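Observations on the model geometry
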Amino acid sequence: MTLEMVLITGMSGSGKSVALHALEDAGYYCVDNLPPELLTPFVALEQRPGARKVAIAMDVRSATSLPLVPQQLRQLRDQGVAVQSLFLDANTETLVRRFSETRRLHPLSRMDASDQHRALVDAIELERELLSELREEAHVLDTSMIRSAQLQGYVKSLISTPATQLTLVFESFAFKRGVPLDADYVFDVRMLPNPHYEPALRHLSGRDQPVADYLKSYSEVDDMFGHIEQFLSHWLQALVRDHRSYVTVAIGCTGGQHRSVYLVEKLSAAFARHWPTLKRHRELDAG
């Protein structure tokens, strides 16, 4: 049986320990802060008869060795290991708030700095630079606006998809709360008719039939769906050839409640016929 391995990296304060706990609950043997030099020997030790699932977390404390990891992952895939790589990210404002609330010291912070806030921001930006190559090689999960329970659910849904196939992740969001950091493609649908201005629909969502019926009555909504579907269908095989494991498609409207939710539901249903597909509703899930 194939060894399944999930590598979790990401920004300090982004929720790596929460993700690792979710994998442990899912039956993975978990190792936190494994030095990159030990990755290959550790995997070799775990490649015994019978299926095994392992999860490994690495962070910036191993900064000098992190450049080894992308090549190691390619070698492990060549050896038949089913590798999934997740990178947890969050915006700087969120990370600063989390470190301030917990009173923890960032691994790269200077304790002797006169301006600790500036030192924390500088440490976060340095960490982004040091981890940039790992981020490019992984599926990015933006934790800026999600709770721990949501993050655990997202991680469990991601590992449920086959590591050898491209998985499409459709995500709705509200522009007023910022564009998701994990989006590979962003589509703005704020120009479409807005159910918010219909009193009977205002408190419903794009998952409710009355809202769906309202949006279906406008040809421009169907045009938008068709254009996004055509674009993705045209480029998906090229993304497969580029060895992508996940592609996150973010659909945004003003409040993340009606138009974007409706289109995410419709697109995920359309592509699920041929591709492993996941869907998220950032604003609705947070409620």
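Structure first, text after, so check above.
This text gives an overview of the structure that appears in the document. All residue numbers refer to positions counted from 1 along the written sequence of the respective chain. A pLDDT threshold of at least 70 governs which residues receive local features in this predicted model, and a stricter bar of 80 or more applies before side-chain atom pairs are shown or counted, although totals over entire chains, interfaces and linings include all residues. Each side-chain value is worked out from all heavy atoms of the structure, with water and hydrogens disregarded.

1. Some details on the pairing of strand S1 (residues 4-10)
Exposed residues in this analysis have more than 50% of their type's maximum accessible area, buried residues have under 20%, and partly exposed residues fall in between, with area computed by a 1.4 Å probe over protein chains only. Counting from the N terminus, the helices are the DSSP runs of H or I reaching at least four residues and the strands are the DSSP runs of E reaching at least two. With six of seven residues buried, S1 lies mostly within the body of the structure. Following DSSP output, two strands are said to pair if at least two bridges run between them. Pairing geometry for S1 and strand S3 (residues 53-57), over five bridges, is parallel. Bridging from a neighbouring strand, Leu7 pairs with Ile56 of S3. For S1 and strand S4 (residues 82-89), the ladder comprises seven bridges, and the chain directions are parallel. Across the sheet, the residue bridging to Leu7 is Ser85, located in S4.

2. Digging into the nonpolar core
We define the nonpolar core as a collection of buried residues of types Ala, Val, Leu, Ile, Met, Phe, Trp, Tyr and Cys that are connected through side-chain atoms lying within 4.5 Å of one another. Counting residues in hydrophobic clusters, the biggest one holds 30 residues, and the most contacted among them are Met5, Leu39, Val43 and Ile56. Elements represented by at least two residues in this core include exactly S1, helix H2 (39-46), S3, helix H3 (69-78), S4, helix H4 (92-102) and helix H5 (116-137). Once residues within four sequence positions are removed from consideration, Met5 is found in contact with Leu39, Val43, Val54, Ile56, Leu73, Leu76, Val81, Ala82, Val83 and Gln84. With 29 residues, the next largest nonpolar core counts Leu215, Met224, Leu239 and Phe271 among its residues. Residue contacts follow a heavy-atom distance rule, with two residues in contact if any of their heavy atoms lie within 4.5 Å.

3. Here we look at unusual backbone geometry
The backbone of Asn33 sits at a positive phi, close to 55°, despite the residue not being glycine. You can see Asn33 is positioned in the loop between strand S2 (29-32) and H2.

4. Digging into the sheet that holds strand S7 (residues 185-188)
Pairing is parallel in the open sheet, where four strands are placed in the order S7-S8-S6-S9. Single-partner strands in this sheet number two, and they are S7 and strand S9 (277-281). Here the average twist between neighbouring strands, direction ignored, is 20°. Strand direction decides the pairing type here: S7 and strand S8 (residues 246-253), joined by four bridges, are parallel. Every angle, taken between N-to-C directions, lies between 0 and 180 degrees, and every axis is a line fitted to C-alpha atoms, over only the stretch in contact when it is a helix.

5. Focus: the environment of Ser100
For Ser100, the position within the fold is in helix H4. Counting along the chain gives 128 residues from Ser100 to Ile228, while the straight-line C-alpha distance between them is 41 Å.

6. Thoughts on the packing of aromatic side chains
Pairing of aromatic rings covers Phe, Tyr and the six-membered ring of Trp, with a centre-to-centre limit of 6.5 Å; geometry is then stacked below 30 degrees between planes, edge-to-face above 60, and tilted otherwise. Tallied over the full model, the rule gives six aromatic pairs. Consider the rings of Phe170 and Phe271, whose centres lie 5.8 Å apart with planes at 35°: the pair is tilted. Here Phe271 lies in helix H9 (residues 259-271) and Phe170 lies in strand S6 (residues 167-174), a separation of 101 residues in the sequence. Phe271 sits in the buried class, given a relative accessible area of 5%.

7. Remarks on the sheet that holds S4
Taken together, the five strands give an open sheet; going across it, the order is S2-S3-S1-S4-S5, and neighbouring strands pair in parallel fashion. The two strands at the open ends of the sheet, each matched to only one other strand, are S2 and strand S5 (139-142). On average, each strand axis in the sheet is inclined to that of its neighbour by 20°, with strand direction left out of account. Pairing of S2 with S3 involves four bridges; the strand directions are parallel. What sits directly across from Asp32, in S3, is Ala57. Sheet strands in contact with H5 are S1, S4 and S5, and its direction is about 145° off that of S4.

Read these as spatial facts, not as claims about activity.
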